[in-house]
Amino acid sequence: MLTFLGKRLLATIPVLLVVAIAIFMIVRLTPGDPAAVIGGNSATNEDLDRIRVQLGLTRPLWEQFAIWGKGVLHGDLGFSFFLNKPVLELIGQRMEPTLSLAGGTLLLAVAIALPLGTLAAWRMGGWLDKAVMAFSVAGFSVPVFVVGYVLIYLLAMKLQWFPVQGYRRISDGVGPWLNQLVLPCLTLAITYVALLSRVTRAAVSEALTEDFIRTARAKGITELEVLKHHALRNAAVPVVTVIGVSAALLLGGVVVTETVFAIPGLGQLTVDAVLNRDFPVLQGVVLFFAVVYVAVNLLVDVSYLFLDPRIRY
Amino acid sequence: MQPQFFSHSPAQSAGSLSRRLARWGAAALLAGAAAGTFAPAMAQTTTLKIIPSSNITVLDPIWTTAYVTRNFGYMVYDTLFATDLEGRIKPQMVDKWKVSPDNKTWTFTLREGLEFHDGKPVTSEDVVASIKRWASRDTFGAQLSKVTERYETPDARTFSIVLKEPFGLVLEALGKPSSNVPFIMPKRVADTSGDTQIKESIGSGPYVFKADEFRPGERVVFTKNTRYKPRAEAPSGTAGGKNVYVDRVEWLIIRDAQTQMNALLNGEADILEQPAFEQYATLRTNPDIQLVDAQPAGNQFILRFNFLQPPFNNEKVRRAALVALGQEAFLRTQVGTPGLTRYCKSMFPCGTLFESEQTGDYTGVANPQKAKALLQEAGYKGEPVVLMRPTDNPTIGKLPMVAKQQLEQAGFKVDMQSMDWSTLVARRAKKDAPSAGGWSAFMTSWTASDILNPITMAMMNATGDKGWFGWQTDAKLEEIKVQFAQAKTDTEKKKLAQAAQLRAFETATHVPVGQYNQPAAVRKNVSGLVPAGAQVYWNIKKQ
């Protein structure tokens, strides 16, 4: 187990190095110039040259990369060109909204999708199964922003249950924090419920055909026990994989939802950085996302060991 | 495959699980709904919530010319002079001033009792450091700096600007309403080079910036500056008494236009600074909302040529383009909403001091036939006009499509290239040929207060390589501007502004393609928005 973890951690080094070089190059080769954005409409070429020097953009590319890379190795992701703040601090500020949104969405999605998918598999071909599958198709087909606007119209503007937009920190009180999160989490959860329930249905239905299920039933175990202890456990590997991927996607920032609900998460930070060509922020967040993906994948792999004793690395 | 053996009815199990699920769901929703009522008790403060026109990233109003940063500056800092609604320059932090008989020494005395937010008095040394930093970045400031011999600070409240030669626009420069505004900062902050962003936002203005509550991309918070001593005059433009009647102002950063409007309609915001053009119809009919034109001079759309590259390096070709473009189609396509647009053929915005009907051949009405004839006369060889279009800028994104159509009707070959605004602003700084990554023309929009006179109008910068994108060189226009800067009377200034405009039309520096307004949407319990050349938030009452 420890050897496995050690190997996996070592394997992440080249991955992160490749990501770092790739993102640095992509960012620099993309057309656009932070100096031009800072200078604004009335800036002249002379002004822009001065700003470029100040931002260090006139140095050779390898030198810029070396400076950035050295900083990263020391845990310093650089300084935003625009916001006058360290990139790490900016990422830190956006972590809470992103974690809240991702956590809330996953919690809702898992809580709804697992029972739904299991029930659908159990009653395959019945009305419940058809309803779940219809919801699954619809949940995937309707764009997130449409779901968001509909929920805003109904639950925020008509019924006045929730606010239209914004994010309240948990330090403002658990109540306001939760209140502000319900709509965006619900919006996102619809897509993830659709995805997860479908995967759960497929996995559970496959497990239900296995011999050990027949044996379990023959032994007289209740149907609920069969589902809980035999079918679900055996269906867990693909389901956990999808949950892991979903978590990584959600932590990577959900731009549309964040925009529709004005949530200052990591997705919004990335979009702002792209629009402004704020290179240090862009490089920082992409590297951060890469670390998140690697970490989540590792966790998923480790979870396999516990979920399915047949799996050995 | 359907399981074949059931120890009990599947319908029963499904029913019980469904009921459980429904209970969980209801509980979760109720918890969320009820959560709103658990908010901690807030002290009774009046908070004004504003959705600014864009996300604020930079907090240094000298380092950048972004309008949202300029507006931030007006919250935090004060100015020596200011521009009233009629465009006249009025004292603000200055109490009195005098000019020496040779017009070379300008001596100013600050009002008594001016203090920065940290409680320290505003001194003449702070003022001089602030002027120097501003002049290192601003075009108008640079003009003043060029003719300045030295600054003097005989005492804490008095400072002098000693000029090498008379400069008729000292007050206009110091009272400039739009970016970059010469805001006054403490010397320790203003001593930062103009090329480096300041790290502290501390001024002597009507609001105190709450740095500890600032969350970039989310919210900017200000509280009332209780030490502020407003002038006695009524507010007018950026001038007059800056009285604050609310305890706290919060800028909510919301990027999505629909969410902005929803937040306003739902009462989560009090003011939406700049609704999208298509939202005015909805906003007009809402009984809780009023539209307030807080920037009555409005904005102007323009098309700018590249003077270095064919085909617009040929004056006659530029003049053909000038005649080909008609304002009506631009305004109808881009703005659409009736009542928000204004036909105006003057380069200095209509409704401002130097507005002039002297526009030479330019009428603002498209004349493709005349343009065709001019183009032929110019010897146009069919070089493609690379017209840049910003796809992510809803204020100007449709303009290039109209320009393409009108130019093609006149016989131009147009290659419209779409890109995001950041790419466009980077590309317009390139002097290469259009085929090698350069460009021929682009379109943009200016707030009227930025283009009030020949000195601040970027398109009238005819200093070539060092000038504004497009890089026109025209000694004659520059000479008129020098005379304008030295003019002593308003009549003389007006005459010279007119001459500058005529010369600009003659050489076709750019094409003004119409004026428009974007009134703020304000909830009806909010009153007192001051019309000005920038968005300002003093004098506002919230019931």
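All of these numbers come straight from a predicted model, not from anything done at the bench.

## A look at the overall build of chain A
For step 1, the next point in the chain: Each helix and strand counted, chain A has 13 helices and zero strands in total.
For step 2, the next point in the chain: In terms of overall dimensions, chain A has C-alpha extents of about 85 × 55 × 35 Å along its principal axes.
For step 3, the next point in the chain: Relative to its 313 residues, chain A shows a buried fraction of 53%.
For step 4, the next point in the chain: For chain A, contacts bridging at least 24 residues in sequence account for 72% of all contacts bridging at least 6.
For step 5, the next point in the chain: Total accessible area computed for chain A in this model is approximately 13800 Å², and 71% of it derives from carbon and sulfur atoms.
For step 6, the next point in the chain: Once the 24 positive and 20 negative side-chain charges of chain A are each reduced to a mean point, those two points are 7 Å apart.

## Remarks on the sheet that holds strand S10 (residues 248-252) of chain B
For step 1, the next point in the chain: The seven strands lie next to each other as S8-S9-S10-S1-S11-S19-S12 (chain B), forming an open sheet whose pairing is mixed. Sheet topology places strand S8 (207-209) and strand S12 (289-292) of chain B at the edges, where each strand pairs with a single neighbour.

## Some points on the domain arrangement of chain A
All names here are of chain A.
For step 1, the next point in the chain: Assigned domains of chain A: these are domain 1 (1-87) and domain 2 (95-307).
For step 2, the next point in the chain: Between the C-alpha centres of domain 1 and domain 2 the distance comes to 32 Å.
For step 3, the next point in the chain: The interface is formed by 29 residues belonging to domain 1 together with 21 residues belonging to domain 2.
For step 4, the next point in the chain: Taken together, the two surfaces of domain 1 and domain 2 that pack against each other cover about 2200 Å², and 78% of this comes from carbon and sulfur.
For step 5, the next point in the chain: At the boundary of domain 1 with domain 2, the tally comes to one salt bridge.

## Focus on the interface of chain B and chain A
For step 1, the next point in the chain: Chain B puts 73 residues into the contact, and the matching count from chain A is 67 residues.
For step 2, the next point in the chain: For the pair chain B and chain A, the summed buried surface comes to about 5900 Å²; carbon and sulfur atoms form 56% of the total.
For step 3, the next point in the chain: Among the ionic pairs, Glu 218 of chain B bridges to Arg 169 of chain A, the shortest N-O distance being 2.7 Å.
For step 4, the next point in the chain: Here chain B and chain A share 22 residue pairs in polar contact (both at pLDDT 80 or more) between them.

## Some details on the nonpolar core
For step 1, the next point in the chain: Formed by 146 residues in total, the largest nonpolar core has its most connected members in Leu 80, Phe 108, Leu 174, Phe 222, Trp 251, Ile 271 and Phe 412 of chain B.
For step 2, the next point in the chain: Each residue touching Leu 174 of chain B, except ones within four places of it in the same chain, is listed here: Leu 80, Phe 81, Phe 108, Ile 131, Trp 134, Leu 144, Ile 161 and Pro 182 of chain B.
For step 3, the next point in the chain: Ranked by size, the runner-up nonpolar core spans 57 residues in total, among them Leu 155, Trp 177, Tyr 192 and Phe 261 of chain A.

## Quick look at the state of the cysteines
Residues and elements named next belong to chain B.
For step 1, the next point in the chain: Throughout the structure, instances matching the rule amount to one disulfide over all chains.
For step 2, the next point in the chain: One disulfide bridge connects Cys 344 with Cys 350, the sulfur atoms lying 2.0 Å from each other. On the sign convention where negative means left-handed, the S-S torsion of about 90° between Cys 344 and Cys 350 marks this disulfide as right-handed.
For step 3, the next point in the chain: For Cys 344, a relative accessible area of 2% corresponds to the buried category.
For step 4, the next point in the chain: Judged by relative accessible area, which is 6%, Cys 350 ranks as buried.

## Quick word on the domain arrangement of chain B
Residues and elements named next belong to chain B.
For step 1, the next point in the chain: By the assigned domains, chain B splits into domain 1 (47-294 + 520-542) and domain 2 (299-516).
For step 2, the next point in the chain: Here the C-alpha centre of domain 2 lies 29 Å away from the C-alpha centre of domain 1.
For step 3, the next point in the chain: The interface of domain 1 with domain 2 comprises 22 residues on the first partner and 23 residues on the second.
For step 4, the next point in the chain: Taken over both partners, the interface formed by domain 1 and domain 2 buries close to 1700 Å², and the fraction arising from carbon and sulfur atoms is 57%.
For step 5, the next point in the chain: Three residues stand out in domain 1 for area buried against domain 2, namely Tyr 67, Leu 169 and Phe 277, and they jointly supply 35% of the buried area on that side.
For step 6, the next point in the chain: Viewed at the interface, domain 2 and domain 1 are joined by one salt bridge.
For step 7, the next point in the chain: Among the salt bridges present, the one from Glu 172 reaches Lys 493, with a minimum N-O distance of 2.8 Å.
For step 8, the next point in the chain: Within the residue set of the side of domain 1 that touches domain 2, elements represented by two or more residues are helix H2 (67-76), helix H4 (139-147) and helix H8 (280-285).

Reading the values: the criteria
Residues numbered from 1 in each chain as written. Chains lettered and ligands numbered in written order. Predicted model: local features only at pLDDT ≥ 70, side-chain atom pairs only at ≥ 80, totals over all residues. Heavy atoms only, no water. Helix = DSSP H or I, 4+ residues; strand = E, 2+ residues; numbered from the N terminus. Buried < 20%, exposed > 50% of the residue type's maximum accessible area, 1.4 Å probe, protein only. Contact = heavy atoms within 4.5 Å. Areas by Shrake-Rupley, 256 points an atom, 1.4 Å probe, with all protein chains shown as cover. Lys, Arg positive; Asp, Glu negative; His and termini not counted. Charge placed at Lys NZ, Arg CZ, Asp CG, Glu CD. Pairing = 2+ DSSP bridges. Domains from an automatic or database assignment. Buried area = accessible area lost by both parts, 1.4 Å probe. Salt bridge = Lys/Arg side-chain N within 4 Å of Asp/Glu carboxyl O. Polar contact = N/O pair within 3.5 Å; in protein donor to acceptor, adjacent residues only side chain to side chain. Core = buried A, V, L, I, M, F, W, Y, C linked by side-chain atoms within 4.5 Å. Disulfide = S-S within 2.5 Å.

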